[in-house]
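Residue-level structural notes
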Number of protein chains: 2
Amino acid sequence: MKTAKKRSSDKKITLVDVADASGVSAITVSRVINQPEKVSESLRIQVQKAIDSLGYIPNQHASSLASSKSRVIGVAIPSLSNIVFTEVLRGIYEVMGAAGYKVLLVDTHYSPLEEEKMVRTLLSQSPEGLIITGGDQTKACQNFLHKARIPIVQIMELLADPIDMNVGFAHGRAGFDVVKHLLGQGYERIGFIGARMDPRVQQRMQGYKLALEQVGKFEKNYIVTTPEPSSIGVGGELFKSLMASTNGVVDAVFCVNDDLALGALFEAQRMNIRVPQDMAICGFNDIEAAEYVNPSLTSVSVGRYEMGVKASEMIIRVLNEKPIESKKVDMGYEIKKRASTSRL
Amino acid sequence: MKTAKKRSSDKKITLVDVADASGVSAITVSRVINQPEKVSESLRIQVQKAIDSLGYIPNQHASSLASSKSRVIGVAIPSLSNIVFTEVLRGIYEVMGAAGYKVLLVDTHYSPLEEEKMVRTLLSQSPEGLIITGGDQTKACQNFLHKARIPIVQIMELLADPIDMNVGFAHGRAGFDVVKHLLGQGYERIGFIGARMDPRVQQRMQGYKLALEQVGKFEKNYIVTTPEPSSIGVGGELFKSLMASTNGVVDAVFCVNDDLALGALFEAQRMNIRVPQDMAICGFNDIEAAEYVNPSLTSVSVGRYEMGVKASEMIIRVLNEKPIESKKVDMGYEIKKRASTSRL
DNA sequence: TTGTAGGCGTTATCAT
DNA sequence: ATGATAACGCCTACAA
């Protein structure tokens with residue numbers, strides 16, 4: 001007479017419990033869950049009933065350990081508060097979710113050291129693939145990454161020597177093109193406003209500089225930056241200080257993102273500087289507000305969501321051993337020319 | 001004579017490999033990693049050296065399985081593209097990261113059924129705690145949640161009957177207060193603009209309705225909503241259609257979030273409707289743009305980041321068996337009265 | 001179609 | 001302070 005029955009609501013239900021309850025072996029239950037087509041319909045229904053009534057939830061750790069398949073994709077981004085990354089994330093979640101992968105997301109706070117730590121964390125979960133931002137990994141981190149032998153996509157920027165795959169666009173060229181556009185509209189003294197100067201923002205600045213140097217119009221003191229994170233408020237502040245330090249001669253500003261640009265625009269309005277007549281303002285990222293604000297804001301549109309989708313699809317293709325067209329993908333960009341920079 | 005040595009770069013390095021390499025037993029290596037104080041310094045250094053040189057990364061699945069401690073916190077939010085949730089997330093990541101927890105994040109797309117599926121996914125990872133949005137779980141989902149026997153916090157709104165813990169604020173009262181403020185400023189015909197009417201937005205609308213009914217000024221056709229997600233563009237569209245359907249008699253609009261409000265504001269400007277003289281506009285959430293746009297936008301400020309922090313701290317306290325002040329926490333809100341609604 | 005045996009990499013338990 | 005042994009829950013072989 002067995003007296004010590006487990007109270008149903010107490011212990012965690014396992015595969016074996018389900019097997020016992022439905023009078024089959026554990027492996028059959030496992031099959032019902034993972035390869036239902038390999039189990040006869042009668043048994044399948046019988047087992048499924050037990051699963052439901054017991055409220056069984058598989059233990060993914062045991063499954064991952066036994067099968068060395070985690071169904072986890074690791075993602076490392078530098079910041080959660082930056083809309084740029086959250087939109088990439090949306091793309092990743094959309095594709096990965098549909099493909100049955102969980103996403104383990106970490107925030108590296110723009111620090112390669114933090115990133116190294118976080119990548120270790122990710123790798124300890126045996127992810128089947130990895131999406132990480134940029135190419136500024138520490139040496140140790142690169143080692144781990146290479147050793148991992150899983151598909152890895154570095155996103156956001158184009159890298160000369162990617163660890164594995166790479167999806168991004170040419171930030172330097174985008175900065176260059178923005179300046180060309182401003183020059184084309186007849187603006188002459190073009191300032192630069194930047195915050196939190198990560199590698200991609202630096203590249204935009206280099207492009208800006210190059211374009212101005214080519215026409216002999218580069219002025220070092222037209223550049224105003226801060227290590228602080230970007231925000232509308234900071235954009236306004238930087239705009240004011242640019243105006244102050246240049247005695248207001250600047251007639252255009254390239255802001256490295258739209259938050260800064262909106263800040264500059266709103267501040268210009270308060271200072272009674274007419275945009276675009278007296279001042280052109282160009283942003284970056286083309287967030288929704290750019291199109292609707294008055295005057296509408298010129299900005300550089302980049303497929304953030306699409307970048308997340310693309311990176312995810314590449315990983316999934318590799319995991320399914322399907323060929324990918326190329327290990328490097330340039331997503332391109334487009335300058336949305338709007339009222340804030342059109343003087344012609 | 002053993003000839004089949006594993007090539008160092010091929011197989012995954014395990015605890016045993018490290019143990020062999022440093023001439024100790026596996027458990028000692030485990031201790032070096034998890035309870036270094038229990039290992040003599042000499043051994044500790046010796047083992048650590050082996051760990052580093054082999055590039056060993058612990059297998060978290062094996063660890064979780066053996067210890068039934070996953071160091072994972074599950075988080076379910078309805079949308080990744082809504083800034084409201086990403087800021088809550090920031091708070092969660094900040095606290096959980098510092099406490100050594102990984103965050104497994106899922107997106108439920110505002111659907112209880114999807115949420116049920118996602119909660120199963122979360123639970124299969126044996127999370128030590130859970131943070132989920134709102135109280136609209138399916139019956140089955142509630143069952144799982146109760147069975148899980150882990151700390152759970154439902155966030156964003158105040159619930160009458162939370163599953164476990166609850167952090168949020170009173171959306172209905174906030175809507176009510178907004179209307180009171182508008183009435184106090186002398187606005188008489190107050191419209192309502194809403195999109196993606198989730199439970200919290202519904203509550204704001206009920207508050208709006210109640211406040212107007214109390215003064216006999218509720219008009220059903222002053223309400224315009226859409227199931228679409230919120231955006232600036234949609235805000236503009238809804239504003240136009242509100243003006244059209246009411247022949248422009250409305251002299252104030254309460255928008256359920258700031259994106260809609262900005263859209264309404266920009267559209268009003270294009271329609272040459274003066275804000276706040278002819279039209280008051282009030283938003284919700286108090287995103288940064290509200291403060292800087294011209295005219296500045298009245299909005300309801302809520303501590304999103306703080307809500308994420310609070311929920312996380314509560315979970316951690318419970319996990320550490322420390323007492324919490326209360327299972328229910330009202331984060332409150334504040335109406336930021338700005339130019340867009342000040343006629344006095 | 002179904003089941004048996006063994007192992008995945010780590011940790012808890014109990015010894016020494 | 002260190003180690004041996006047996007789980008943890010599931011899956012991959014292989015067998016029937």
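Definitions and cut-offs
- Residues numbered from 1 in each chain as written.
- Chains lettered and ligands numbered in written order.
- Predicted model: local features only at pLDDT ≥ 70, side-chain atom pairs only at ≥ 80, totals over all residues.
- Heavy atoms only, no water.
- Helix = DSSP H or I, 4+ residues; strand = E, 2+ residues; numbered from the N terminus.
- Rg over C-alpha atoms; globule rule 2.2 N^0.38 Å.
- Buried < 20%, exposed > 50% of the residue type's maximum accessible area, 1.4 Å probe, protein only.
- Contact = heavy atoms within 4.5 Å.
- Areas by Shrake-Rupley, 256 points an atom, 1.4 Å probe, with all protein chains shown as cover.
- Lys, Arg positive; Asp, Glu negative; His and termini not counted.
- Charge placed at Lys NZ, Arg CZ, Asp CG, Glu CD.
- Expected span 1.5 Å × (residues − 1).
- Pairing = 2+ DSSP bridges.
- Axes fitted to C-alpha atoms, helices over the stretch in contact; angles between N-to-C directions.
- Near = heavy atom within 4 Å.
- Polar contact = N/O pair within 3.5 Å; in protein donor to acceptor, adjacent residues only side chain to side chain.
- Least-squares fit on C-alpha atoms with pLDDT ≥ 70 in both.
- Salt bridge = Lys/Arg side-chain N within 4 Å of Asp/Glu carboxyl O.
- Buried area = accessible area lost by both parts, 1.4 Å probe.
- Phe/Tyr/Trp six-rings, centres within 6.5 Å; stacked < 30°, edge-to-face > 60°.
- Lys NZ or Arg CZ within 6 Å of the ring centre and 35° of its normal.
- Parallel < 35°, antiparallel > 145°, perpendicular 65-115°, else oblique.
- Nonpolar A, V, L, I, M, F, W, Y, C, P; charged D, E, K, R; others polar.
- Disulfide = S-S within 2.5 Å.

For chain A, the name recorded in an unreviewed UniProt entry is LacI family gluconate utilization system Gnt-I transcriptional repressor, with Cellvibrio fibrivorans as its organism.

1. A short note on the overall build of chain A
On a plain count of helices and strands, chain A comes out with 13 helices and 12 strands. Taken over the C-alpha trace, chain A has a radius of gyration of 27 Å; the compact-globule value for 344 residues is 20 Å, which it surpasses by more than 25%. Here chain A holds 344 residues, and the buried ones make up 53% of them. Of the contacts formed within chain A by residues at least 6 apart in sequence, a portion of 68% connects residues at least 24 apart. As displayed, chain A offers around 15200 Å² of accessible surface, 50% of which is attributable to carbon and sulfur atoms. Charge-centre separation for chain A: the mean point of 41 positive side chains lies 6 Å from the mean point of 38 negative side chains.

2. With respect to helix α6 (residues 112-123) of chain B
All names here are of chain B. For α6, with 12 residues, the first-to-last C-alpha span of 16 Å sits near the 16 Å given by 1.5 Å per residue. Looking at α6, one finds that the buried residues are Glu115, Glu116, Met118, Val119, Leu122 and Leu123. Each element contacted by the buried residues of α6 is listed here: β1 (72-77), β2 (102-107), β3 (129-133) and α7 (139-148).

3. Concerning the sheet that holds strand β7 (residues 223-226) of chain B
Residue and element names in this part refer to chain B. Read from one edge of the open sheet, four strands run β7-β6-β8-β9, paired in parallel fashion. Every other strand in the sheet has two partners, leaving β7 and β9 (280-282) as the edge strands with one partner each. When strand polarity is set aside, the average angle formed by the axes of neighbouring strands in this sheet is 15 degrees. Packing of helix α10 (residues 232-245) onto the sheet brings it into contact with β6 (190-195), β7 and β8 (252-255), and relative to β6 it is tilted by some 145 degrees.

4. Points about the protein's contact with DNA strand D
Near DNA strand D lie 23 residues; those nearest to it are Leu15(A), Ser30(A), Tyr56(A), Thr28(B) and Ser40(B). Of all DNA strand D atoms lying within 4 Å of any protein atom, the proportion belonging to sugar or phosphate reaches 68%. Measuring from a phosphate oxygen of DNA strand D, one finds a side-chain N or O atom of Ser30(A) at 2.5 Å. Within the side chain of Ser25(B), an N or O atom sits 3.1 Å from a phosphate oxygen of DNA strand D. Residue assignment for the surface near DNA strand D shows that the elements contributing at least two residues are α2 (26-34) and α4 (60-67) of chain A together with α2 (26-34) and α4 (60-67) of chain B. Of all the elements, α4(A) adds the most residues to the surface near DNA strand D, at four residues.

5. Brief notes about the protein's contact with DNA strand C
The environment of DNA strand C is formed by 22 residues, the closest being Thr28(A), Arg31(A), Leu15(B), Ser30(B) and Tyr56(B). Sugar plus phosphate: this is where 68% of the atoms of DNA strand C within 4 Å of the protein reside. Thr28(A) places a side-chain nitrogen or oxygen 2.4 Å from a phosphate oxygen of DNA strand C. Within the side chain of Asn34(B), a nitrogen or oxygen atom sits 2.8 Å from a phosphate oxygen of DNA strand C. Broken down by secondary-structure element, the contributors of at least two residues to the surface near DNA strand C are α2 and α4 of chain A together with α2 and α4 of chain B.

6. So, the relation of the copies chain B and chain A
Note on the chain copies: they are related by a rotation about an axis and a translation along it. Relative to chain A, chain B is turned by 180 degrees and slid 0.0 Å along the rotation axis, the superposed coordinates differing by an RMSD of 0.1 Å. Read as a symmetry element, the transformation amounts to a two-fold axis. When C-alpha distances to the rotation axis are compared across chain B, the minimum falls at His61(B), with a value of 2.4 Å. A shared binding surface is used by both copies, with 100% of the interface residues of chain B retained as interface residues in chain A.

7. Observations regarding the pattern of salt bridges
All names here are of chain A. Counted under the stated rule, the structure contains 28 salt bridges over all chains. For the salt bridge of Arg189 with Asp251, the shortest nitrogen-to-oxygen distance reads 3.9 Å. Taken together, the positions of Arg189 in the loop between α8 (171-184) and β6 (190-195) and Asp251 in the loop between α10 (232-245) and β8 (252-255) put the pair 62 residues apart, joining distant regions of the chain. The partly exposed category is assigned to Arg189, whose relative accessible area is 33%. We classify Asp251 as buried; its relative accessible area is 6%.

8. Quick word on helix α9 (residues 199-214) of chain B
All names here are of chain B. In a regular helix each residue adds 1.5 Å, so 16 residues correspond to 22 Å; α9 covers 23 Å between its end C-alpha atoms and thus fits that length. Capping the start of α9 is the job of one residue whose side-chain oxygen sits 2.8 Å from the backbone nitrogen of Arg200: Asp198. Where α9 ends, the next residue or the one after it, Gly216, has phi of about 65 degrees, a positive value.

9. Looking at the interface of chain B and chain A
Taken together, the contact between chain B and chain A spans 47 residues of the former and 48 residues of the latter. If you sort the residues of chain B by the area they bury against chain A, Ile57(B), His61(B) and Leu80(B) come out on top, with a joint share of 15%. Summed over the shared surface of chain B and chain A, the result is zero salt bridges. Counting across the chain B and chain A interface gives 24 residue pairs in polar contact (both at pLDDT 80 or more).

10. A look at the side chain of Asp107(A)
Looking at where Asp107(A) falls in the secondary structure, it is placed in strand β2 (residues 102-107). Buried charge without a salt bridge: Asp107(A), with Arg90(B) as the nearest opposite-charge side chain at an N-O distance of 6.8 Å. Of note is the side chain of Asp107(A), whose polar atom sits 2.9 Å from the backbone nitrogen of His109(A). If near-sequence neighbours (up to four positions away) are discounted, Asp107(A) is found in contact with Ile77(A), Pro78(A), Ser79(A), Leu80(A), Glu114(A), Met118(A) and Tyr93(B).

11. Overview of the packing of aromatic side chains
One pass over the full model with this rule turns up 12 aromatic pairs over all chains. Seen in terms of ring centroids, Phe192(A) and Tyr208(A) are 5.0 Å apart; in terms of plane orientation they differ by 45 degrees. Their pairing is tilted. Residue Phe192(A) is located in strand β6, and its partner Tyr208(A) is located in helix α9 (residues 199-214); the two are separated by 16 residues in the primary sequence. Aromatic side chains Phe169(B) and Phe284(B) sit 6.3 Å apart centroid to centroid with 20 degrees between the ring planes, which places their arrangement in the stacked category. Remark: Phe284(B) occurs in the loop between β9 and α12 (288-292) and Phe169(B) occurs in strand β5 (residues 165-169); sequence separation between them is 115 residues. Across the pair, Phe284(B) and Phe169(B) agree in class, each one buried. Site record: aromatic cluster; members linked through ring pairs are Phe169(A), Phe192(A), Tyr208(A), Phe218(A), Phe254(A), Phe284(A) and Tyr333(A). Between the NZ or CZ atom of Arg204(A) and the centre of the ring of Phe284(A), over which it lies, the distance is 3.9 Å. Here Arg71(B) stacks its cationic end above the ring of Tyr101(B), 4.2 Å away from the centre of that ring.

12. Comments concerning the packing of α2(A) against helix α3 (residues 41-54) of chain A
All names here are of chain A. Interaxial distance between α2 and α3 falls to 10 Å at its minimum, and their mutual angle equals 90 degrees. Viewed along their axes, α2 and α3 adopt a mutual orientation that is roughly perpendicular. Along the contact surface, α2 presents Thr28, Val29, Val32 and Ile33, while α3 presents Leu43, Arg44, Val47, Gln48 and Ile51. Taken together, the residues that form the contact of α2 with α3 break down as six nonpolar, two polar and one charged.

13. With respect to the state of the cysteines
Applying the stated criterion to the full structure yields zero disulfides over all chains. Sulfur of Cys282(B): no disulfide; nearest cysteine sulfur belongs to Cys255(B) and is 7.8 Å away.

14. Regarding unusual backbone geometry
With an omega dihedral of 10 degrees, the bond running from Val275(A) to Pro276(A) counts as a cis peptide bond. If you trace the backbone, Pro276(A) turns up in the loop between α11 (258-270) and β9 (280-282). Positive phi is not limited to glycine here, since Met156(A) has a value of about 85 degrees. Relative to the assigned elements, Met156(A) resides in strand β4 (residues 152-157). One non-glycine residue, His109(B), adopts positive backbone phi at about 50 degrees. Classification of His109(B) by relative accessible area gives partly exposed; the value is 38%.

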